Amino acid sequence: MKQKVYFTVFLILILILLGVLSVRQRLRTRDIVYAESLDEVAAVVDDQELTLRDLAFYVAFEEGQMEWDARAYDIHDTGAFWRIHTNHTFLRAEGKEAAMEMAVHDTLFYQMAMEEGIVLSQEEEELLANDQYDFWSDLTEEQRESLGVEEDAVKESMRRLALAEKYQYLLAEMKGRSYEEYSFNGSAYERLLETHTYEVIGAVWDRVPFGSITVDH
């Protein structure tokens, strides 16, 4: 009789454990709410952590670019563009990867710009201010709420981008290469990246619902 009781209790404990593990697994794999997860670390570049707050500009930018192309592809069903499958992947996945790659690239080049004491000229500051104003103004109130970041956070990301781009031009000139070769998908940049370390935190980034944050697909 005692053995039956022990066995029953054991089975109950196993079922409870399996239930807990199942819930935890679902929580790990379900999409996150971007605006509620801004402090989550999604990548690390040379010991520099990139949170979802740091990546908000890149997510909004790349979603905006893809949505622009989607309207040109099919104005009546923009989702058709996002669902295109090519090169063994969907365009949605390629866009998400591009957003991360741009962020890693700009973080690395910004770090190098700071090490070299690179600053923006007065003219570059004015151009940056215009770009910052235009980008933020183009976001609807709903898009801003979905991102969850303040205007200053986006401005800071765009400032880092401007400094990264400036250093990219200078480095390309010093090395006798084209600017494009040091872009995030350029051959010279890929070789440079091999001398640095970076890691994408899949437990966070994989759960970002790219294509459903500032747009609805």
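1. A look at the pattern of salt bridges
1) Next: In this structure the tally under the stated criterion is eight salt bridges.
2) Next: A salt bridge links Arg 53 to Asp 39, with the shortest nitrogen-to-oxygen separation between them at 2.5 Å. Highlighted residues: Arg 53 in helix α2 (residues 52-73) and Asp 39 in the loop between α1 (2-29) and β1 (41-45), separated in sequence by 14 residues.
3) Next: In this structure Arg 53 comes out as partly exposed when scored by relative accessible area, which is 32%.
4) Next: Taking the shortest distance from any N to any O, the salt bridge between Asp 77 and Arg 83 comes out at 3.0 Å.
5) Next: Judged by relative accessible area, Asp 77 falls into the partly exposed class, the value being 31%.

2. Re the pairing of strand β2 (residues 48-51)
1) Next: Across four bridges, β1 lies against β2 in antiparallel orientation. Bridging across to β2, Val 45 finds its partner in Gln 48.
2) Next: In this structure, the hairpin formed by β1 and β2 is closed by a connection of two residues, where Asp 46 is found at a positive phi of approximately 50 degrees.

3. Observations concerning the confidence of the model for the protein chain
1) Next: Averaged over the protein chain, the pLDDT score is 90; the fraction of residues at 70 or greater is 87%.
2) Next: In the predicted structure, residues 19-28 sits below a pLDDT of 50 and forms three contacts with residues beyond four places in sequence or in another chain.

4. Describing the side chain of Gln 168
1) Next: For Gln 168, the position within the fold is in helix α7 (residues 151-175).
2) Next: We classify Gln 168 as buried; its relative accessible area is 2%.
3) Next: Apart from the residues within four sequence positions on either side, Gln 168 is in contact with His 105, Phe 109, Tyr 179, Tyr 182 and Ser 183.

5. Let's talk about the sheet that holds β2
1) Next: Pairing is antiparallel across the open sheet formed by three strands, whose spatial order is β2-β1-β5. Only two strands of the sheet have a single neighbouring strand rather than two, namely β2 and β5 (198-200). On average, each strand axis in the sheet is tilted by 20 degrees relative to the strand beside it, whichever way the strands run.
2) Next: Together, β1 and β2 form the strand contacts of α2, whose direction differs from that of β2 by roughly 60 degrees.

6. What about the nonpolar core?
1) Next: Tyr 34, Leu 52, Leu 55, Phe 109, Leu 147 and Trp 205 are the most contacted members of the largest nonpolar core, which has 57 residues in total.
2) Next: At the level of elements, β1, α2, α3 (79-82), α4 (91-115), α5 (122-138), α7, α8 (187-193) and α9 (202-205) are the ones that each hand at least two residues to this core.
3) Next: Element by element, the count of residues in this core is highest for α4, at 11 residues.
4) Next: In this structure, Leu 55 is in contact with Tyr 34, Ala 42, Leu 50, Met 100, Ala 103 and Trp 205, ignoring residues within four places of it in sequence.

7. Some thoughts on the packing of aromatic side chains
Each aromatic ring pair is characterised by the separation of its centres together with the angle its planes make.
1) Next: Enumeration over the complete set of coordinates arrives at nine aromatic pairs.
2) Next: For the pair Phe 57 and Tyr 58, a centre-to-centre distance of 5.1 Å together with 75 degrees between the ring planes defines the contact as edge-to-face.
3) Next: Three or more aromatic residues joined by ring pairs form one cluster here, namely Phe 57, Tyr 58, Phe 61 and Phe 135.
4) Next: Stacked on the ring of Trp 205, the Lys or Arg Lys 96 has its end atom at 5.3 Å from the ring centre.

8. A short note on α2
1) Next: With 22 residues, α2 should cover 32 Å at 1.5 Å per step; its first-to-last C-alpha distance of 29 Å lies within 8% of that length.
2) Next: Regarding α2, the residues found buried are Leu 52, Leu 55, Ala 56, Phe 57, Tyr 58, Val 59, Ala 60, Glu 62, Glu 63, Met 66, Glu 67 and Ala 70.

9. With respect to α7
1) Next: For α7, spanning 25 residues, the distance from its first C-alpha to its last is 36 Å, which sits close to the expected 36 Å at 1.5 Å a residue.
2) Next: Restricting attention to buried positions, one finds in α7 the residues Val 154, Ser 157, Met 158, Leu 161, Ala 162, Leu 163, Ala 164, Tyr 167, Gln 168, Leu 171 and Ala 172.
3) Next: Packed against the buried residues of α7 are α2, α4, α5 and α8.
4) Next: Downstream of α7 by a residue or two, Gly 176 has a phi angle that is positive, lying close to 70 degrees.

10. Side note on the pairing of β1
1) Next: Within β1, four of the five residues are buried, which leaves the element mostly enclosed by the surrounding structure.
2) Next: The pairing of β1 with β5 spans three bridges and is classified as antiparallel. The residue of β5 that forms the bridge with Ala 43 is Val 200.

The rules behind these values
- Residues numbered from 1 in each chain as written.
- Predicted model: local features only at pLDDT ≥ 70, side-chain atom pairs only at ≥ 80, totals over all residues.
- Heavy atoms only, no water.
- Salt bridge = Lys/Arg side-chain N within 4 Å of Asp/Glu carboxyl O.
- Helix = DSSP H or I, 4+ residues; strand = E, 2+ residues; numbered from the N terminus.
- Buried < 20%, exposed > 50% of the residue type's maximum accessible area, 1.4 Å probe, protein only.
- Pairing = 2+ DSSP bridges.
- pLDDT = per-residue confidence, 0-100.
- Contact = heavy atoms within 4.5 Å.
- Axes fitted to C-alpha atoms, helices over the stretch in contact; angles between N-to-C directions.
- Core = buried A, V, L, I, M, F, W, Y, C linked by side-chain atoms within 4.5 Å.
- Phe/Tyr/Trp six-rings, centres within 6.5 Å; stacked < 30°, edge-to-face > 60°.
- Lys NZ or Arg CZ within 6 Å of the ring centre and 35° of its normal.
- Expected span 1.5 Å × (residues − 1).

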